[in-house]
Amino acid sequence: MLSVKIIKEFADSSLSTPTHGDHVEADASGFMLNVDIYFPPGVTVLFGASGSGKTLTLKSIAGLVRPDSGMIKIGEETLFDSGQRINLPIRRRRAGYVFQHLALFPHLDALANVEFPVTHLARAERRALALDLLRKFGVGHTAQRLPRNISGGEAQRVALARALATNPRFLLLDEPLSALDEVVKLEIIGDLKKMNSEMRLPIVYVTHSRDEALALGERAYVFERGRVVAAGEPVEVFGAPVKASIARLTGVENIFDGIVISRDASGGTMVVELGESVEGVCRVEVPLGGKDAGERVTVAIRSGDILLATVRPQSVSARNILAGTVSALEERGDQTLVRVRGGVEWAASVTRLSVRELGLTVGKEVWLAFKTYSCRLFDNE
Amino acid sequence: MREIDWFPLLLSLRVAIISTFLVVGVGVSLAWVLARKRFRGREALDALVTLPLVLPPTVLGYYLLVLLGRGSPAGQLYEAVTGRSLVFTWQGAVVAASVGALPLVVKTARAAFAAVDTDLEDAARTLGKSEWEVFRRVTLPLASRGVVAAAMLAFARALGDFGATLMVAGNIPGRTQTAAVAIYDAAQSGRDALALTLVFILSAVAFVILYTTNRLTAPGQR
């Protein structure tokens with residue numbers, strides 16, 4: 001757990017808030033960074049326009065910028081504490097920092113770049129370690145190349161490998177994908193997700209791209225003029241309607257196209273029929289959206305929001321209770337993703353203990369239950 | 001034609017080589033401080049080390065005489081350690097040549113350091129490196145062309161120092177008479193062959209060095 005509570009003031013706003021074009025803000029007389037954020041393991045997105053304080057926060061955590069006051073801790077260790085006059089040198093913070101422009105050393109080849117943090121190790125040992133990391137990111141072939149001879153996506157991976165060579169306690173990623181094209185971006189998002197689930201370090205991810213925030217963020221903080229103005233799960237923070245393709249990126253497993261059957265404006269809900277007629281259909285109650293009866297809509301539900309029961313649940317507040325048959329069980333780390341066929345194919349994630357206690361096996365009849373407000377609506381594309 | 005006395009040229013070479021080492025050590029450190037540290041009086045310090053570039057050599061020589069002469073603390077310290085005076089020795093010529101070359105080294109190396117992306121230095125810090133390692137592994141290698149150019153300019157400048165050297169080291173043939181001083185001497189006394197030879201050699205060396213440093217520091221040469 002990384003905790004950051006800092007304040008820094010700039011008398012001259014030009015230091016931190018670049019103004020674009022010839023327009024200069026009338027109240028640009030000063031800039032104050034004031035943040036208080038806890039970063040648990042996993043990806044936390046800092047989102048905002050340039051000059052909103054995201055990078056400044058990142059640099060403060062790394063020690064490249066010194067806050068006026070506040071405290072920065074990783075676990076039990078204090079990195080910075082203005083009250084106790086603690087300011088751990090940058091090199092002792094063990095931050096895996098990936099700079100916006102990567103900052104690969106132009107005079108060193110990819111291998112030497114990754115070896116750089118561990119030059120104190122014996123030559124053979126650090127070579128092996130660096131090569132191993134490069135291969136892990138699929139860029140072993142760039143080892144002997146200078147950064148200027150490496151493509152953007154490859155350079156990004158070399159930079160990530162180098163950051164990990166420090167055996168960091170947390171990762172600070174400053175707009176790591178902004179310069180890449182969409183295909184490479186998606187590949188690296190995959191890499192980052194894998195890395196995240198393997199390492200479970202606090203990862204602070206600075207971006208001004210909603211797509212990246214939604215694809216990677218487990219939590220998001222929206223910055224404006226040095227302050228956090230919104231916080232929460234990225235889908236909540238960025239609000240509906242969001243394109244369904246983005247929902248797929250964010251790890252929302254249940255996404256179904258449907259047709260609005262009826263609206264209950266006074267109850268704030270509407271009924272949507274999901275699925276194609278081949279497998280049968282099912283009806284769910286979802287929050288009232290802007291669509292009229294007969295119109296198409298996409299409904300998304302996180303697998304973690306669905307409860308499984310072996311008998312029909314009674315006297316519960318969940319408005320959606322559907323019958324189905326277990327069609328598959330997939331291990332996902334500590335969780336098991338249970339696929340249930342009931343009109344459409346649902347995915348519910350439960351703990352392994354639940355799988356055992358409920359005796360969940362393929363072919364078993366189960367009940368699904370979820371709340372109306374667990375359903376999110378997207379514009380149908 | 002009488003045989004040419006090579007002593008002044010050899011002495012000049014010796015003075016220039018030693019000066020280059022001295023002035024690169026001091027000048028590169030100063031250049032790094034000026035390029036990377038923010039402090040009050042930074043530009044004043046820059047102006048101070050640049051003074052030798054614009055002051056008349058006699059003014060510089062006069063300062064050195066006062067600072068290094070027998071009556072000064074620095075002169076007395078030197079005499080206590082080495083048993084000799086610095087004034088009117090070839091070592092005095094080294095000091096004079098070094099001070100004259102310092103601005104060129106500081107200006108050139110400062111520009112080279114300033115051109116190194118500070119993000120790279122910050123990256124090295126986040127990767128666990130101390131300030132010295134950041135300098136040795138990142139800043140210096142990336143500024144190496146500029147630093148080499150600075151050293152070559154220092155050599156060229158030290159090789160031809162005249163005014164300050166004459167005032168501090170004097171004009172003692174076979175002891176403190178450097179090439180530049182010997183040219184003056186030879187021209188005054190009508191020994192044209194000697195003057196011409198030395199003039200040609202100094203000019204050629206200076207040209208080659210300037211040409212090389214230009215190529216080293218040209219944009220897009222990285």
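Residues numbered from 1 in each chain as written. Chains lettered and ligands numbered in written order. Predicted model: local features only at pLDDT ≥ 70, side-chain atom pairs only at ≥ 80, totals over all residues.

With that settled, the discussion passes to the overall build of chain A. Helix and strand content of chain A: nine helices and 21 strands. Counting the 381 residues in chain A, one finds 42% classified as buried. Contacts spanning at least 24 positions in sequence make up 66% of the contacts within chain A whose residues lie at least 6 apart. (Helix = DSSP H or I, 4+ residues; strand = E, 2+ residues; numbered from the N terminus. Buried ≥ 20, exposed ≤ 12 C-beta atoms within 10 Å, placed from the backbone. Contact = placed C-beta atoms within 7 Å.)

All names here are of chain B. One can describe the packing of helix α10 (residues 179-188) onto helix α11 (residues 192-217) by two numbers: an axis separation of 8 Å at closest approach and a directional angle of 150 degrees. As for how α10 packs across α11, the hand of that crossing is left-handed. Residues Ala179, Ala182, Ile183, Ala186 and Ala187 of α10 pack against Leu194, Ala195, Leu198, Val199 and Leu202 of α11. The class makeup of the residues in the contact of α10 with α11 is ten nonpolar, no polar and no charged. (Axes fitted to C-alpha atoms, helices over the stretch in contact; angles between N-to-C directions. Left-handed = near helix turned anticlockwise from the far one by under 90°. Nonpolar A, V, L, I, M, F, W, Y, C, P; charged D, E, K, R; others polar.)

Quick look at the pairing of strand β13 (residues 269-274) of chain A now. Residues and elements named next belong to chain A. The alternating pattern of β13 places Met270, Val272 and Leu274 on a buried face and Thr269, Val271 and Glu273 on a face that is not buried. Of the pairings in the sheet, the one linking strand β12 (residues 254-264) to β13 comprises six bridges and is antiparallel in character. Paired with valine 260 across the strands is valine 272, a residue of β13. The turn joining β12 and β13, which pair antiparallel and follow one another in sequence, is formed by four residues; a positive phi near 75 degrees is taken by glycine 268. Direction of pairing for β13 relative to strand β14 (residues 282-287): antiparallel, over a ladder of six bridges. Across the sheet, the residue bridging to valine 272 is valine 284, located in β14. (Pairing = 2+ DSSP bridges.)

Describing two packed helices takes the angle between their axes plus the distance from one axis to the other. Residue and element names in this part refer to chain B. Running from N to C, helix α1 (residues 7-36) and helix α5 (residues 90-114) cross one another at 40 degrees; their axes reach a closest spacing of 6 Å. When the axes of α1 and α5 are compared, the pair comes out oblique. Crossing angle aside, the handedness with which α1 passes α5 is right-handed. Its residues assigned to classes, the contact of α1 with α5 comprises 25 nonpolar, three polar and two charged. (Parallel < 35°, antiparallel > 145°, perpendicular 65-115°, else oblique.)

Let us look at the confidence of the model for chain A. Residues and elements named next belong to chain A. Taken residue by residue, chain A gives an average pLDDT of 84. The fraction at 70 or more is 89%. Looking across chain A, the model is least confident in helix α8 (residues 244-249), with a mean pLDDT of 52, and most confident in helix α2 (residues 110-115), with 96. Contacts from residues 13-28, a stretch scored under 50 in pLDDT, to residues over four places away or in other chains number 17 contacts. (pLDDT = per-residue confidence, 0-100.)

Here the focus is the sheet that holds β12 of chain A. Each strand in a sheet pairs with another by means of backbone hydrogen bonds, the pair being arranged parallel or else antiparallel. Residue and element names in this part refer to chain A. If you walk across this open sheet you meet the five strands as β14-β13-β12-β15-β21, and the pairing is antiparallel. Either end of the sheet is taken by a strand with one partner, and the two such strands are β14 and β21 (376-378). Adjacent strand axes in the sheet meet at a mean angle of 45 degrees, parallel and antiparallel pairs treated alike.

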